[in-house]
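Below are the chains, spelled out letter by letter.
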Amino acid sequence: MSCHGPASSPVPGRSGTATLAGTTAPSRVLLVGCPNVGKSTLFNALTGARQHTTNAPGTTVELATGTWRTARQAPPGQGPAGYNAADSVTERVIVDLPGTYSLLARSSDEQVTADTVRELARSYGEGGGQPGVVVVVLDATALARSLYLLAQVAETGVPLVVALTMLDLAPTATDWPGAAMEPDTLAAALAASLGVPVVPMDARNRTAGGGGELASAVDAIAQYPRGVSGLVPAASSVCCGTTAAAWQHHDAAPDMTQELAHAERLFEWVEQVSEQVSTCLARPLPSAAHGPAAATSVRRSPGPLPRTFSDRVDAVLLNPWAGIPVFLAVVWMLFELTTRFAAPLQSAIGQLVNGPMASAVTWFLGLFGLAGSWAQGLLVDGLLVGVGTVLTFLPVMAVMFAALGVLEDSGYLARAAFVADRAMRSLGLDGRALLPLIVGFGCNLPALAATRTLPHARQRLLTGLLIPLTSCSARLTVYVLLAGAFFPDHAGTVIFAMYLTSVLLVLGGGLLLRRTAFRDVSAGPLILVLPPYQRPHMRTLAMSVRLRVGSFVVRAGKIIVATMLVVWVLMAVPVTGQHAVGHVPVADSLYYGVAAGIAPVLAPAGFGNDHAAAALMTGFVAKEVVVGSFAQSYAVAEPGNPARAGGLGEQLRRSFEESSGGHGGAAALAFMVFVLAYTPCVAALAEQRRLFGWRPTASALTVQLTGAWVLAVLIFQVGSRL
Amino acid sequence: MTLPESPLGAELRVTGVRLAAVDAFRLNEMGIRLGTLAHVTQHAAFGGRVIAVAGSRYALDGETAALIDVEPVDRLG
């Protein structure tokens, strides 16, 4: 074995990119790696903005797919003059698969990765064309762990290339004895040992990132595939056989004798590779001696452990006494950022849309004689209001994505999962779930977006279903109005009770879901790899925020705008013949007609009146406008401060007393609980649809409406009898 | 002794893992196996522990840590 060959030499006996002339790029490139190895950073660097996310078929697991473009090498003998510029770019489809430590999947996310690699192996085995190449992303600070996954991938028989990442962190962030190694030296040693191209990557460096070399290696290995030294591709290999599915079900422990024996062989292979690389580098690589090797482990003992920068920071952030207050401080900061900090920006955008933009559209329509027509209503009060709603959410979403990106990139998010683990264990959730659930008390929309930090799809879905039960600040205006109108002497206590109810609903809902639809979600042992702390990279962060906000605008924005248009149509169409379309008093609109149709359904809860039904319909769009809707339907001025409702309070008391048979207080409590428990707003619904798909969203909507009704009826029926 | 009983900074060898078979296997796959050498780098709340293995840091919750048996490494032996 030579230790000094080129690391990414694509073909034995040849070197560099010169061999690539005339090669054809593979149709698909799969990025596979352990969690937190810089896989997504590499994906973003290779694709830029040419990417989109979709759910893997039949799952809620999000997959990022992108186009990876590189300049094509001119064939020998053809200079730039004879070379068609149109053919000078090579494009490959690249897929960022969920991170996993093993192809023996333990979650739906890991299963998607295992299945996709296996599917590629199958296509490859059937022959015909170049179905694809796997890029296995290896963490230079934790080679042994990454090599095990590489071995499993190699055994499937897919052609693969290695991308070596985290090289910038290795010298400072780890006590690994080979940390100060030159990236090229380490890559060459690994390539010599593995027998496949190894490309050192610096995905954060736009100019010297290694993308060109990686592309050359990928294209070459697609054309001249070869296996990994010391591993025999086997279609029936345990790692990729049918046993993988059984591992998802923790309760049904499969017979693991065969798997253990096979894994032991892979561990031994990892040890051999580590030994070979050590020999090449003439210094020891980290090796967790085990099994038969244990007898010699003292020889390779790490000895006294040097404390890294991350160890020193963890001494504070994971301290038994300081860790939880620090975590709560971080959550408080997120809460403030998505509420207090984002609010002025939201307000400014709202004023811009409703002021100058609405005036401009009206003026423009006036040029065509359409001012004051139904077309103006549709465009200004329907379409523009919808677009404005989407735009006003942009600051809060951007702030949340940026804050989460900083927490994730810095390495703190994994610590947060560890610190909050105990609190979420009873719900079967990862500690990281506490973060979006608390943020939900500010606004449900960024909280839903924050579920992306959870590692497993089922946990993301469960958390996403619980978030609407957290009482967002928009609902507070409704509590203040009704508590002030019906319980003026105990308004504070009533509002506090609503927040307590919210917490109980989250806990109760979580426990109920875990015992029913989410029996597969369980809090197993927490074994987390803590990445070294690092400074977030601003360019990468900015691109990530831009892509995620863009995804929200495109995928959730459409639903929000469509809903606003439907609301406008309902408000604009008269149910009597006395009004023209677009010029209808609320009480004579189709909107109010629908509300009147819904009102009897709400009668068992004590608020079966048209006003309450119309307000709940408006609340479906946004809770912020419920108070305004009440004011509009009673034809009174909207109070500046809901706590001093004045005439509106009078009207509310009268109609609630009337519809509840003299139990207005109980009906008001029931109404507040309904507002707490049903759909938070159309934007949250659209975000749920974006994250989880139509089916879970529709199910959640049904459960929310039914649950809110049942709770409200219960509260009223009990309350009216006390 | 178990992991939570080990002092901070101690150098240890894993001698037993009493987790469910599938969980023990995943621990294996992640790099913590019988014979693995480790250092305890952090005591966390509720018995949680952070250990250093081959340059990486692993966080384990208290219940999991209590099911991992270790012995001190005799560096002179």
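Note that the coordinates shown come from a computational prediction; the quantities given were computed from them, not determined experimentally.

Bringing the overall build of chain B into the picture now. A count of helices and strands for chain B gives two helices and five strands. For chain B, the N- to C-terminal ordering of α and β elements is β-α-β-β-β-α-β. Relative to a compact globule of 77 residues, whose C-alpha radius of gyration would be 11 Å, chain B shows 11 Å and is just as compact. Referenced to the eigenvectors of the C-alpha coordinate spread, the extents of chain B come out at roughly 35 × 25 × 25 Å. Put simply, chain B has 77 residues, and 58% of those count as buried. Of all intrachain contacts in chain B linking residues separated by at least 6 positions in sequence, the fraction that spans at least 24 positions is 54%.

The next thing to look at is the overall build of chain A. When you go through chain A residue by residue, the secondary structure sums to 26 helices and eight strands. For chain A, buried positions account for 50% of its 722 residues. Here the contacts in chain A between residues at least 6 apart in sequence split such that 72% fall between residues at least 24 apart.

Read from one edge of the open sheet, six strands run S8(A)-S4(B)-S3(B)-S2(B)-S1(B)-S5(B), paired in antiparallel fashion. Only two strands of the sheet have a single neighbouring strand rather than two, namely strand S8 (527-530) of chain A together with strand S5 (68-72) of chain B. Across the sheet, the mean angle from the axis of one strand to that of its neighbour is 40°, orientation sign disregarded.

Residues and elements named next belong to chain A. At their nearest, the axes of helix H23 (residues 647-659) and helix H24 (residues 664-677) sit 8 Å apart, and the two run at 100° to each other. Relative to H24, the element H23 lies roughly perpendicular. For the pair formed by H23 and H24, the contact residues are Arg653, Phe656, Glu657 and Ser659 on the first element and Gly664, Ala667 and Ala668 on the second. For the contact of H23 with H24, the per-class residue count stands at three nonpolar, two polar and two charged.

Turning our eyes to something else, we now look at the environment of glutamine 351 of chain A. Residue and element names in this part refer to chain A. Structurally, glutamine 351 is set in helix H10 (residues 323-367). With 13 C-beta atoms packed within 10 Å, glutamine 351 lands in the partly exposed category. Along the chain, glutamine 351 and alanine 423 lie 72 residues apart, while their C-alpha atoms are 41 Å from each other.

Once that is clear, we can look at the environment of valine 316 of chain A. Examined against the element boundaries, valine 316 of chain A turns out to sit in helix H9 (residues 309-317). Once the C-alpha coordinates of valine 316 of chain A and valine 326 of chain A are considered, the two residues, 10 residues apart in sequence, prove to be 8.9 Å apart.

Reading fine detail from the predicted coordinates is not recommended where pLDDT is low. Confidence in the prediction for chain B averages 91 pLDDT; 96% of positions are at 70 or higher. For this predicted complex, the interface confidence reaches an ipTM of 0.96, while the overall pTM sits at 0.80.

Turning next to the packing of helix H20 (residues 590-602) of chain A against helix H21 (residues 610-621) of chain A. Residues and elements named next belong to chain A. Packing of H20 against H21 leaves a shortest axis separation of 7 Å and a crossing angle of 110°. It follows that H20 is roughly perpendicular to H21 by the angle criterion. Side by side, H20 and H21 meet where Tyr591, Tyr592, Val594, Ala595, Ala596, Ile598, Ala599 and Leu602 of the first sit next to Asp610, Ala612, Ala613, Ala614 and Met617 of the second.

Core analysis: the biggest nonpolar cluster contains 232 residues, and Val135, Val161, Val162, Leu164 and Ala670 of chain A have the highest contact counts within it. Setting aside its immediate chain neighbours within four residues, alanine 670 of chain A contacts Ala605, Gly606, Phe607, Ala712, Ile715 and Phe716 of chain A.

Here we take up the confidence of the model for chain A. Residues and elements named next belong to chain A. Scored by pLDDT, chain A comes out at a mean of 83, with 84% of its residues at no less than 70. Highest mean pLDDT in chain A belongs to H24 (97); lowest belongs to helix H7 (residues 243-246) (41). Every residue in residues 76-86 is under pLDDT 50, and counting partners more than four places away or in other chains gives six contacts. Predicted confidence is poor over residues 235-252, with pLDDT under 50, and the contacts of this stretch with residues over four places away or in other chains come to 36 contacts.

Residue and element names in this part refer to chain A. Spanning 13 residues, H23 covers 19 Å between terminal C-alpha atoms, matching the ideal 18 Å at 1.5 Å per step. Within the sequence span of H23, burial applies to Leu648, Gly649, Leu652, Ser655, Phe656 and Ser659. Angularly, the buried residues of H23 cover 140° about the axis, an arc narrow enough to put them on a single face. Looking at the buried side of H23, the elements it contacts are helix H17 (473-486), H21, helix H22 (626-634) and H24. Glycine 661 sits one or two residues past H23 and shows a positive phi near 70°.

On to the sheet that holds strand S1 (residues 28-33) of chain A, then. All names here are of chain A. If you walk across this open sheet you meet the seven strands as S2-S3-S4-S1-S5-S6-S7, and the pairing is mixed. Single-partner strands in this sheet number two, and they are strand S2 (51-55) and strand S7 (198-200). Within the sheet, the average angular offset between the axes of one strand and its neighbour, ignoring direction, is 30°. Both S1 and strand S4 (residues 89-96) contribute to a ladder of four bridges, which runs parallel.

Before going further, it helps to examine the environment of leucine 602 of chain A. As for its placement among the helices and strands, leucine 602 of chain A is situated in helix H20. Excluding its chain neighbours within four sequence positions, the residues that come into contact with leucine 602 of chain A are Phe607, Gly608, Ala612 and Ala613 of chain A.

Here the focus is unusual backbone geometry. One non-glycine residue, methionine 166 of chain A, lies in positive phi territory at about 65°. Structurally, methionine 166 of chain A can be placed in the loop between strand S6 (160-165) and helix H4 (170-173). The backbone of phenylalanine 46 of chain B sits at a positive phi, close to 60°, despite the residue not being glycine. Position of phenylalanine 46 of chain B relative to the elements: it lies in the loop between strand S2 (37-43) and strand S3 (49-53). A count of 16 C-beta atoms within 10 Å places phenylalanine 46 of chain B in the partly exposed class.

Rules behind the numbers
- Counting restarts for each chain: residues are numbered from 1 in the order of the written sequence.
- The order in which chains are written sets their letters, starting at A; the order in which ligands are written sets their numbers, starting at 1.
- Owing to the predicted nature of the model, reporting of local features is limited to residues with pLDDT of at least 70; listing and counting of side-chain atom pairs is limited to 80 or more, with chain, interface and lining totals taken over all residues.
- Each helix is a run of H or I in the DSSP string that is no shorter than four residues. Each strand is a run of E no shorter than two, and both are numbered from the N terminus.
- Every radius of gyration here is taken over C-alpha atoms, with the globule rule written as 2.2 Å times N^0.38, N being the number of residues.
- Put simply, a residue is buried when 20 or more other C-beta atoms lie within 10 Å of its own C-beta and exposed when 12 or fewer do; between those, it is partly exposed, and each C-beta is set from the backbone.
- By definition, residue pairs are in contact when their C-beta atoms, positioned from the backbone, come within 7 Å.
- Strands qualify as paired when DSSP identifies two bridges or more between them.
- Axis geometry follows a simple rule: fit a line to the C-alpha atoms, using only the stretch in contact for helices, then measure angles between N-to-C directions, giving values from 0 to 180 degrees.
- An angle counts as roughly parallel when it lies under 35 degrees, as roughly antiparallel when it exceeds 145, as roughly perpendicular when it falls between 65 and 115, and as oblique in every other case.
- Note that Gly is not counted as nonpolar here; it falls among the polar residues with everything else outside the nonpolar set of Ala, Val, Leu, Ile, Met, Phe, Trp, Tyr, Cys and Pro and the charged set of Asp, Glu, Lys and Arg.
- Confidence per residue, as judged by the predictor, is encoded in pLDDT with a range of 0 to 100.
- Only buried residues count toward a nonpolar core: Ala, Val, Leu, Ile, Met, Phe, Trp, Tyr and Cys, linked into one set through C-beta atoms within 7 Å.
- A helix is expected to reach a length of 1.5 Å times the quantity of its residues less one.
- In this context, the arc is that of the directions from the helix axis out to the C-beta atoms.

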